[in-house]
2 protein chains.
Amino acid sequence: MSGTVLALSGGIGGAKLALGLAQIIPGEALTVLANTGDDFEHLGLAISPDIDTLTYALAGLDNPITGWGRRDESWSFMTALRELGGEDWFQLGDRDLATHVERTRRLRAGETLSAVTEDFRRRLGIGARLLPMSDQPVRTKVLTPEGWLDFQHWFVRLRCAPAVRGLEFAGAESARPLPAILDALRDPALRAVVICPSNPLISIDPILAVPGLRHVLRECRAPVVAVSPIIGGRAVKGPTATMLADLGTPPAADAVARHYGDLLDGYVLDAADAALAPGIAARCAVAPTLMTDLASKAALARVVLDLADRIAAERRA
Amino acid sequence: MSGTVLALSGGIGGAKLALGLAQIIPGEALTVLANTGDDFEHLGLAISPDIDTLTYALAGLDNPITGWGRRDESWSFMTALRELGGEDWFQLGDRDLATHVERTRRLRAGETLSAVTEDFRRRLGIGARLLPMSDQPVRTKVLTPEGWLDFQHWFVRLRCAPAVRGLEFAGAESARPLPAILDALRDPALRAVVICPSNPLISIDPILAVPGLRHVLRECRAPVVAVSPIIGGRAVKGPTATMLADLGTPPAADAVARHYGDLLDGYVLDAADAALAPGIAARCAVAPTLMTDLASKAALARVVLDLADRIAAERRA
């Protein structure tokens, strides 16, 4: 099967599947659409955690231990920053820092986030296209018993400790989807839209909050297939399960499918959750979804694309 | 002898004598006044090369090989920046970078350069006070056959290659000396003002260009003693000799003394230049001025202070 693929992704979990897709879909036939709701300014630097995690993963520069940041990283900057009394709750490796400093410089010089992201991925030899969901800032805010907090403050500084009472994507209402995203979604060659196994509430929902994107996704002719980020009631990494529960959604694969609702044509869930498949409205595939190495990433990507292809074939039949 | 000492300094050469003075003058009895004409913004970061060289030297963190930057430095940031196509003509070590990032953040938050400099020197355990010549930006510009260039562009990027036809200290006319400098100069306990062996044209003249400073220095009751940055017609490091010649001043110890004119009460020149002493209006001392280790820095500092003390004693007599 040829054709193009558009993948919606947050950071670590999503980046694993994005890398799997990149093993199968050559070059720019794959477009990865990154959440920017986690973006923030720290120490005067424009930091885009999900774009960076995707960039490093697709370039083979990612840190396999932490899941974020770069491999073979050094930490001299943080050590010296601490000596000077600087804020040290957000870890910035020396190599990683170059990304933030150079991006910040270029944004201040008037370039768009998409232009900088595009240039970085080319320089790092990434074949797939990588797009922020919007060039306008969208900032996820978390409502906790302590009040509204900036996402990274809650996520990193407070280590997700305060319970989540609500979420807001500040700026989303005035953000515009990149024209390149709309073009990708209207491309007659589009084979599938993949919603990566990212946190639906804070990685995928901000993308869907960009005005027009949810509508164009629903209208798009290619099958939309999501992969469950929940395995046996737990998230592989991060606060997904607790956050779902805090906000009244059971941390379960079928509940995530219901969360996406009529956006989904297909859904891939883990073998551990096979019993939930009958209760899911979308067409399901059951497969191992834990991605531990490049082979398992590519294997899951194949399952996702096979499901999309079956759905498309049935539609044609 | 007790009393306070105020030292005017540029970067590398000046920092050596400043460190020598710090061996003799305890704690805050020594105030080092740093040139900020070399300051510039690079990659969106506020960089103050002379303040940093002085800070690292006084904190024992300086790099003895390069003369600038920090010892035991790592360069991961520059390597990664180059991969991303960033400007790499100005070397920023990973540890050094923390100084610039944190200073930039605090300046943007509304702090003054003097407040940030003061906080950094305390955190790094420096006993002496360290002050920028002004909290208002003064920027040295170099007139070359290619036109006016920003100082660091000429100095680092073009490696001082273009001949110097003129110098300008942009912003000096509206800069104000720090009140702490005026207080230090009017302190009845002031024992000496020391002009370190820095480039007179681009390290000391910008300080003297801050309105009022030259006048207060000339009026000050304590002896003003300079150390020649020229030994046997050559500068120890940097473009001093060539720049002097380019601008019509012979690169010689006596010419530098004449450049400072009636500001000087005393002048220390190297044994190699002893024959020039009779032609110098200020009271002279001849001593080894090449500072190769901590002992020679302290020894030169003692020569300077002894000369100042002799001048003061003669005045009292």
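What counts as what
Residues numbered from 1 in each chain as written. Chains lettered and ligands numbered in written order. Predicted model: local features only at pLDDT ≥ 70, side-chain atom pairs only at ≥ 80, totals over all residues. Heavy atoms only, no water. Helix = DSSP H or I, 4+ residues; strand = E, 2+ residues; numbered from the N terminus. Rg over C-alpha atoms; globule rule 2.2 N^0.38 Å. Buried < 20%, exposed > 50% of the residue type's maximum accessible area, 1.4 Å probe, protein only. Contact = heavy atoms within 4.5 Å. Areas by Shrake-Rupley, 256 points an atom, 1.4 Å probe, with all protein chains shown as cover. Buried area = accessible area lost by both parts, 1.4 Å probe. Salt bridge = Lys/Arg side-chain N within 4 Å of Asp/Glu carboxyl O. 1 Å grid on protein atoms, 1.4 Å probe; cavity = no way out; pocket = protein on both sides within 12 Å on 5 of 7 lines; lining within 4 Å. Points joined across faces, edges and corners; volume = space filled by probe spheres on them. Disulfide = S-S within 2.5 Å. Axes fitted to C-alpha atoms, helices over the stretch in contact; angles between N-to-C directions. Parallel < 35°, antiparallel > 145°, perpendicular 65-115°, else oblique. Left-handed = near helix turned anticlockwise from the far one by under 90°. Pairing = 2+ DSSP bridges. Nonpolar A, V, L, I, M, F, W, Y, C, P; charged D, E, K, R; others polar. Least-squares fit on C-alpha atoms with pLDDT ≥ 70 in both.

Of the regular secondary structure elements, chain A holds 12 helices and 14 strands. Relative to the compact-globule value of 20 Å for 317 residues, chain A shows a C-alpha radius of gyration of 19 Å, a close match. Projected onto its principal axes, the C-alpha coordinates of chain A cover approximately 65 × 40 × 40 Å. Looking at chain A residue by residue over its 317 residues, the buried ones come to 59%. At a minimum sequence separation of 6, the contacts of chain A that also span at least 24 residues come to 68%. On chain A, roughly 12,200 Å² of surface is accessible, and the fraction owed to carbon and sulfur atoms is 52%.

Turning our attention to the interface of chain B and chain A. Taken together, the contact pairs 26 residues of chain B with 26 residues of chain A. The junction of chain B with chain A conceals about 2,400 Å² of combined surface from both sides, 65% of it contributed by carbon and sulfur atoms. Per-residue buried area on chain B facing chain A is highest for Glu83, Leu84 and Val101 of chain B; these three make up 25% of the total on that side. Glutamate 83 of chain A is the partner of arginine 70 of chain B in a salt bridge, and the nearest nitrogen-oxygen pair spans 3.4 Å.

A few words now on empty space enclosed by the protein. Under the criterion given, the structure shown has 3 cavities of 30 Å³ or more. Of the pockets and cavities examined, the largest cavity occupies roughly 80 Å³. Lining the largest cavity are Leu84 of chain A together with Ile51, Asp52, Thr55, Tyr56, Arg70, Thr99, Arg103, Val116, Thr117, Phe120 and Leu124 of chain B. Among the secondary structure elements, those contributing two or more residues to the lining of the largest cavity are helix 2 (49–58), helix 4 (94–108) and helix 5 (113–123) of chain B. Counting residues per element, the lining of the largest cavity draws most heavily on helix 2 of chain B, which supplies 4 residues.

The next point concerns the state of the cysteines. All names here are of chain A. Here the structure, examined in full by the defined rule, presents 0 disulfides over all chains. Cysteine 196 forms no disulfide, and the closest cysteine sulfur to it belongs to cysteine 220, at a distance of 15 Å. As a non-bridged cysteine, cysteine 284 has cysteine 196 as the owner of its nearest cysteine sulfur, 17 Å distant.

Our focus in this paragraph is the packing of helix 4 (residues 94–108) of chain A against helix 3 (residues 76–83) of chain B. Between helix 4 of chain A and helix 3 of chain B, the shortest axis-to-axis distance is 7 Å and the interhelical angle comes to 50°. What the angle tells us is that helix 4 of chain A and helix 3 of chain B run oblique. Between helix 4 of chain A and helix 3 of chain B lies a crossing whose hand is right-handed. On helix 3 of chain B, the residues touching Asp94, Arg95, Leu97, Ala98, Val101 and Glu102 of chain A of helix 4 of chain A are Ser76, Phe77, Ala80 and Leu81 of chain B.

A word on the sheet that holds strand 9 (residues 190–195) of chain A. Residue and element names in this part refer to chain A. The parallel open sheet is built from 7 strands, whose spatial order is 5-2-1-9-10-13-14. Both edges of this open sheet fall to strand 5 (129–132) and strand 14 (283–287), since each of them pairs with a single strand only. With strand direction ignored, the average angle separating the axes of adjacent strands in the sheet is 20°. Both strand 1 (residues 4–9) and strand 2 (residues 30–34) contribute to a ladder of 5 bridges, which runs parallel. Bridging from a neighbouring strand, leucine 8 pairs with leucine 33 of strand 2. On the sheet, helix 11 (residues 253–260) packs against strand 9, strand 10 (224–227) and strand 13 (266–270) and is oriented at approximately 160° with respect to strand 13.

Turning to helix 3 (residues 76–83) of chain A, its buried residues are Ser76, Phe77, Met78, Ala80 and Leu81 of chain A. Contacts made by the buried residues of helix 3 of chain A are with helix 4 of chain A together with helix 4 of chain B. Glycine 85 of chain A occupies a position one or two residues after helix 3 of chain A and carries a positive phi of about 80°.

The next subject is the sheet that holds strand 6 (residues 139–144) of chain B. All names here are of chain B. Taking strand neighbours across the sheet as the criterion, the 3 strands line up as 7-6-8 in an open arrangement whose pairing is antiparallel. Since the sheet does not close on itself, it has two edges, and those belong to strand 7 (147–150) and strand 8 (166–170), each with one partner. Neighbour-to-neighbour, the strand axes of the sheet open up by a mean angle of 30°, direction not taken into account. Strand direction decides the pairing type here: strand 6 and strand 7, joined by 4 bridges, are antiparallel. Of the residues in strand 7, the one forming a bridge with threonine 144 is glycine 147. Packed on one face of the sheet, helix 8 (residues 200–208) meets strand 6 and strand 8 and runs near 35° to strand 8.

What follows deals with the pairing of strand 13 of chain A. Residue and element names in this part refer to chain A. Of all 5 residues in strand 13, 5 are buried, a share of seventy percent or more. Because side chains alternate across strand 13, one face comprises the buried residues Gly266, Val268 and Asp270, and the other comprises Tyr267 and Leu269, equally buried. Taken together, the 5 bridges between strand 13 and strand 14 define a ladder with parallel strand orientation. Bridging from a neighbouring strand, glycine 266 pairs with arginine 283 of strand 14.

This part is about the layout of surface pockets. Residue and element names in this part refer to chain B. Counted as a void, the second largest pocket has a volume near 970 Å³. Looking at the second largest pocket, it is lined by 45 residues, and the ones nearest its centre are Gly11, Ile12, Trp68, Phe155 and Lys237. Elements with a minimum of two residues in the lining of the second largest pocket: helix 1 (12–24), helix 2, helix 4, helix 6 (151–157), helix 8 and strand 11 (230–231). By residue class, the composition of the lining of the second largest pocket is 21 nonpolar, 17 polar and 7 charged.

Screw-axis analysis of chain B against chain A gives a translation of 0.0 Å along the axis, an RMSD of 0.0 Å, and a rotation angle of 180°. Considering both components of the superposition, the chain copies are consistent with a two-fold axis. No C-alpha of chain B lies nearer the rotation axis than that of aspartate 94 of chain B, which sits 3.0 Å from it. A shared binding surface is used by both copies, with 100% of the interface residues of chain B retained as interface residues in chain A.

We now examine the packing of helix 1 of chain B against helix 12 (residues 294–316) of chain B. Residue and element names in this part refer to chain B. In the contact formed by helix 1 and helix 12, the axes pass within 7 Å of each other and the chain directions differ by 75°. Put simply, helix 1 runs roughly perpendicular to helix 12. Within the contact between the two elements, helix 1 uses Lys16, Leu17, Leu19, Gly20, Leu21, Gln23 and Ile24 and helix 12 uses Leu294, Lys297, Ala298, Leu300, Ala301, Arg302, Val304 and Leu305. Residues belonging to the contact of helix 1 with helix 12 are distributed by class as follows: 10 nonpolar, 2 polar and 3 charged.

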